[in-house]
Amino acid sequence: MIGLYIHIPFCASKCYYCDFNSYAGKGNLAGSFFEALALEVESYLKQGVFDQGVQTIFFGGGTPSLYIDEIIEFLNVYYPRWKVVSDAEITLEANPGTGTAEKFEKLRKSPVNRLSFGFQSFHPTILKKLGRTHGPEDLFQAFQMARNAGFSNINCDLIFAIPGQTLEMWQEDLDRLIGLHPEHISIYNLTLEEGTRFWDWYARGTLKMPDEDLQLTLYQLGIERLSKAGYQHYEISNFALPGFRSKHNQIYWRNEEYLGLGPGAFSYLSGRRFSNVRGIEEYIQRLFKGDSPVVEEEIISRNKQMAETLMMHLRLTEGIPLAYFQDRFGVSVEEAYPQALQKLFHLKLIERVDGYLRLTREGLYVANEVFIEFLDPEP
Ligand code: SF4
């Protein structure tokens, strides 16, 4: 079975920190984009890629909630042809201020059963600093409209370590979000990405990022507050009420198979990772000409598959079942990475608990440094 990711690359405007493959001011291409997307789906249908069954669908972006009517129409045609399992999780990313009550109601009558809102903050000054187009009142309104429409599985994203954000502001953001009782919450540490306005401002010295100590304090506060409110901390940045962990993202974290459609989308099928051309125009042109949008492809070696499986699983707070690794690769984690494990156990960054290998609390705070240890295969 596979997960299906569909990338809708259009946004109303570009947020100052965002390096996703998303574009503002290109809405005139939307009609052709959906036609091209249909052609891409048809080619995978011909290859039988959906025959193994689809367990999750995720409309990400970009801002898919700008195109609710088009997505419903698209699903009307293709959903019945994808062999989607009966309890599939079907998520659509939404930005506050982009949907109406009527559109959310229509959407709830479609197969979409989960919404993921990019809230980011409840503070107007912070939203403005991020270049978000919505205000705090839009967050409450969007959430209420989604609930009224009948959505009972909602995720909301928040960002911390934003320039100018104090500990108190972050605490208020967490408390306000907890007050809304979404089923799932993601908290992301703001990072500077090349090609963004934040990157340029930082390089010119006009943007000051919070220091590492403050970033860690904000993260720890997030874990503490959300855990106290009953959210299970199940992945580095993700928290869920019991029964509401993201099925789609767990496919990535377990290094299982997925198909990505749309500009810049990545796929991982039969040990092969491949990605589509990033530009919307190029994506449309290729498909209209009958060409494949795939521009990069890599056969993932067994060593790389082992490393990726381990690193992705370690993002989950429960870690990786040691027996699962042994079954998948015919070798134990201890045999595959004796030196890395010795070092990380010694530094108390990983631990073995009930047949799982997982990050310790300290390991969680420096996860990327832990992952680096598994990049090179050991003899
Ligand atoms: S709405 Fe999302 S995808 Fe679009 S620019 Fe902002 S952060 Fe990026």
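Thresholds, definitions, all that
Residues numbered from 1 in each chain as written. Predicted model: local features only at pLDDT ≥ 70, side-chain atom pairs only at ≥ 80, totals over all residues. Helix = DSSP H or I, 4+ residues; strand = E, 2+ residues; numbered from the N terminus. Expected span 1.5 Å × (residues − 1). Buried ≥ 20, exposed ≤ 12 C-beta atoms within 10 Å, placed from the backbone. Contact = placed C-beta atoms within 7 Å. Near = placed C-beta within 6 Å. Nonpolar A, V, L, I, M, F, W, Y, C, P; charged D, E, K, R; others polar. Pairing = 2+ DSSP bridges. Axes fitted to C-alpha atoms, helices over the stretch in contact; angles between N-to-C directions. Parallel < 35°, antiparallel > 145°, perpendicular 65-115°, else oblique. Left-handed = near helix turned anticlockwise from the far one by under 90°.

Whenever I open this one, helix H11 (residues 302-314) confuses me. Can you help?
Each turn of an α-helix holds 3.6 residues, which means side chains three or four residues apart point in the same direction. The end-to-end C-alpha distance of H11 is 18 Å, a good match for the 18 Å that 13 residues give at a rise of 1.5 Å each. Among all positions in H11, only Met306, Ala307, Thr309, Leu310, Met311, His313 and Leu314 are buried. Contact partners of the buried residues in H11: helix H9 (247-253), strand S15 (320-321), helix H12 (322-329), helix H13 (333-336), strand S17 (356-359) and helix H16 (367-372).

What's the story with the site of the ligand in this structure? I'm lost.
Near the ligand you find Cys11, Lys14, Cys15, Cys18, Phe20, Ser22, Gly61, Gly62, Thr63, Asn95 and Gly118, and these make up its full shell. Each residue belonging to the shell around the ligand can be placed in one class, and the counts come to four nonpolar, six polar and one charged.

Can you help me understand the sheet that holds strand S16 (residues 350-353) in this one?
Across a sheet, paired strands are connected by hydrogen bonds in the backbone, their directions being either parallel or antiparallel. On the basis of which strands lie adjacent, the open sheet formed by three strands has the order S15-S17-S16 and antiparallel pairing. Sheet topology places S15 and S16 at the edges, where each strand pairs with a single neighbour. Examined bridge by bridge, S16 and S17 share four bridges and lie antiparallel to one another. Bridge pairing in S17 links Ile350 to Leu359.

Honestly, the packing of helix H3 (residues 101-108) against helix H5 (residues 136-149) in this entry has me stumped. Any pointers?
Any two packed helices are characterised by how steeply their axes cross, that is the angle between the axes, and by the distance between the axes. Where H3 meets H5, the axes come as close as 8 Å, and the angle between the chain directions of the two elements is 40°. One way to sum up the angle between H3 and H5 is to call them oblique. Along this stretch, H3 crosses H5, giving a crossing that reads as right-handed. Within the contact between the two elements, H3 uses Ala101, Phe104, Glu105, Leu107 and Arg108 and H5 uses Met145, Ala146, Asn148 and Ala149. Tallied by class, residues from the contact of H3 with H5 come to six nonpolar, one polar and two charged.

Interpretation note: all reported values are geometric properties and have no functional meaning in isolation.
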